[in-house]
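Results of the structural survey
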Amino acid sequence: MSVLLFIVNATPAVSEAAAAAPVHPPLDVRWLGATAPDPQADSVTNGALDSYFVPLPGNRTRAGRGTFWLKVQPTISSSPADIPVLVVHATRHAQVELFAAGAALPLVTTLPAFRDVQDRVYAVPPGLEAGPVYARIETGGSESRGVSLSASTLGETLDRGVEHARMIALTLGALLSMALAALVIWFVLADQLFVLYAAFFFLEALYIAYLSGQGFDWPLLSYAQPLTSFAWNVPVGLAGAVGCLFAREIADLKEFSPRVYKVFGWYALAFVAVTVSNIAKLFGFGLLVAAIGNLVFSVNSVFTLIVMFLSWRRGNRAAGWFLIAWGVLEGFAIALAVRFLVFASEANDALLYYGLPLSMVAAAVLIALGVADRLRQQRAALSDAERRAQTDPLTGVLNRRSLIERLDAACLRARARGLPIALLFIDLDHFKLINDSFGHQAGDACLRAIIEPIHLELRQSDVIGRYGGEEFVVILSSADAAAAHPIAQRILERVASVRVEGFGEPIGLTCSIGVAASDTLGVWGEQLIHRADLAVYAAKRSGRNQVQMAPEAVV
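These numbers were taken from a predicted model, which means no experiment stands behind them.

1. Description of the overall build of the chain
Each helix and strand counted, the chain has 16 helices and 19 strands in total. The buried share of the chain, taken over its 555 residues, is 48%. Pairs at least 24 residues apart make up 73% of the contacts formed inside the chain by residues separated by at least 6 positions.

Following this line, the structure appears as structure tokens:
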């Protein structure tokens, strides 16, 4: 049979604002024993059955559900400016009445607490601070929770309630804000990781709101009051399923470990099954469902930590961030489970109202950093792939396709702004002879050797690309023929000073350069390349190692 747990709080938890308040002495609580005659309210509250009240063994006792009577000696320390109160910590569905001097004590307020529990605050009239006070408690429902009593003052109690509500509200706001931000980013980037992130922390927000009891008293969320424990068990179960899907995506398991990727999918289905099986609590299988759920959570938590660690060791920085966040979440989850097992009251408010909420917010921030790191890695990989697709692998300058694209774009900008553009067509002299005499490796070394001298004469806005073989094209933005010719001449001189060593005798290089400009020719795009190419042939016919301007008329 399920049991009811009574606990007497000797030192109630208070907020930092109330830390300087007087410490209330322990309550003297006695329980109306089973040998008492059928207790009626009048006979109990007028003291007729006082001799049947017995001390609580070790400040706690267990008994079946039903109606219980307690006799309390408050001995509350309070200031003249504050009101002494008794606080009864019991499930929301418990029926609680307090009597003193034959009259019922007024219920001042109720404050939400963790796991479908409320703190009922009763004012103690002046002159009755030393008791006795009789408490009638009737319990029932599908779940049993501990009942605890503590003495305090109204100011302390309200301060504590406000502080707890503020902490949970801030946590809920932070988690919902980050979930909404992720969802907005998803509309732009269309990466399912953002949807999973948003879903996970939205469910975590609902979990902490209802587990703390605060959500039952807030607008809209209060509609879940009839659901009791389902209100937090369902979100946390679904959060487990979403967490599995998120973990396998952030660790790129589909690419690096397809089998483990599928295992996480099965875990997600297991969490959904556990969530649906909560309905079995209505038929008396609550303990079995809880045991299965805890087993799935435990095994999955350890499995996730191991997989994330291995992914991090493989070089996945995002998995490293998730590993830290998951460790924080699971550490506090374990601490919370132990706390609920060991302490039936809420004597340790710091873990519930500070540790657990802050761990969730910290996890949200850490995982967001992981997602950002993953996007950074993807962008770097994409940029590298784009660079490789656009550049010549031997010399590192633009390849022919990318060069033509840059030329077309530069011509469009120049024509729109009314500016000229010039091209240099550079052809390495006697390149076939170099390959035949020194080998193709020497030829490749010569091609690489002339890139730096050419770059030294270019501006940041200028572009160089390999047009083919030993031919290179330089795009001089906003330059006319008069400006292009001296640049070409300086490049010619720099190339002539290059000596390539390592293949026998040092190899001396020269080049021929053709110059074509839009201001003198009136052509654009690949027509400029054609004109500059013709000028190169003219330079070679004239003896090589010289600059030749493209004639205004086609040769």
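Having seen the structure, we can now continue with the description.
2. Digging into the packing of aromatic side chains
The tally for this structure, following the rule as stated, stands at 16 aromatic pairs. Judged by centre distance (5.4 Å) and plane angle (15 degrees), the ring pair of Phe-322 and Trp-326 falls under stacked. Here Trp-326 and Phe-322 lie together in helix H8 (residues 317-342), a separation of four residues that amounts to about one turn. Looking at Phe-322, the relative accessible area reads 1%, which means it is buried. What makes Trp-326 buried here is its relative accessible area of 7%. These aromatic residues form a ring-pair network of at least three members: Tyr-197, Phe-200, Phe-201, Phe-246, Phe-322 and Trp-326. Here Arg-248 stacks its cationic end above the ring of Tyr-261, 3.9 Å away from the centre of that ring.

3. Observations concerning the packing of helix H11 (residues 431-438) against helix H12 (residues 440-449)
Remark: H11 packs on H12, axes separated minimally by 6 Å, with the N-to-C direction vectors making an angle of 135 degrees. Judged on the interaxial angle alone, H12 and H11 are oblique. Facing Phe-431, Ile-434, Asn-435 and Phe-438 of H11, the residues of H12 in contact are His-440, Ala-442, Gly-443, Cys-446 and Leu-447. Classifying every residue of the contact of H11 with H12 gives six nonpolar, three polar and no charged.

4. Some points on the nonpolar core
Counting 64 residues, the largest nonpolar core has Tyr-210, Phe-246, Ile-250, Met-308, Phe-322 and Ile-367 as its most contacted members. Going through the elements one at a time, helix H2 (154-189), helix H3 (192-211), helix H4 (230-250), helix H6 (258-276), helix H7 (286-313), H8 and helix H9 (349-390) are the ones with two or more residues in this core. The element contributing the most residues to this core is H3, with 15 residues. Excluding residues within four positions of it along the chain, Ile-250 makes contact with Leu-193, Met-308, Asn-316, Ala-318, Ala-319, Phe-322, Gly-370, Val-371 and Arg-374. In terms of nonpolar packing, the next biggest core, distinct from the first, is built from 36 residues, Ala-442, Cys-446, Val-498 and Ile-507 among them.

5. What to know about H2
Its 36 residues place the ends of H2 52 Å apart at the C-alpha level, agreeing with the 52 Å of an ideal helix rising 1.5 Å per residue. At the exit of H2 stands Ala-190, carrying a positive phi of roughly 55 degrees.

Calculation criteria
Residues numbered from 1 in each chain as written. Predicted model: local features only at pLDDT ≥ 70, side-chain atom pairs only at ≥ 80, totals over all residues. Heavy atoms only, no water. Helix = DSSP H or I, 4+ residues; strand = E, 2+ residues; numbered from the N terminus. Buried < 20%, exposed > 50% of the residue type's maximum accessible area, 1.4 Å probe, protein only. Contact = heavy atoms within 4.5 Å. Phe/Tyr/Trp six-rings, centres within 6.5 Å; stacked < 30°, edge-to-face > 60°. Lys NZ or Arg CZ within 6 Å of the ring centre and 35° of its normal. Axes fitted to C-alpha atoms, helices over the stretch in contact; angles between N-to-C directions. Parallel < 35°, antiparallel > 145°, perpendicular 65-115°, else oblique. Nonpolar A, V, L, I, M, F, W, Y, C, P; charged D, E, K, R; others polar. Core = buried A, V, L, I, M, F, W, Y, C linked by side-chain atoms within 4.5 Å. Expected span 1.5 Å × (residues − 1).

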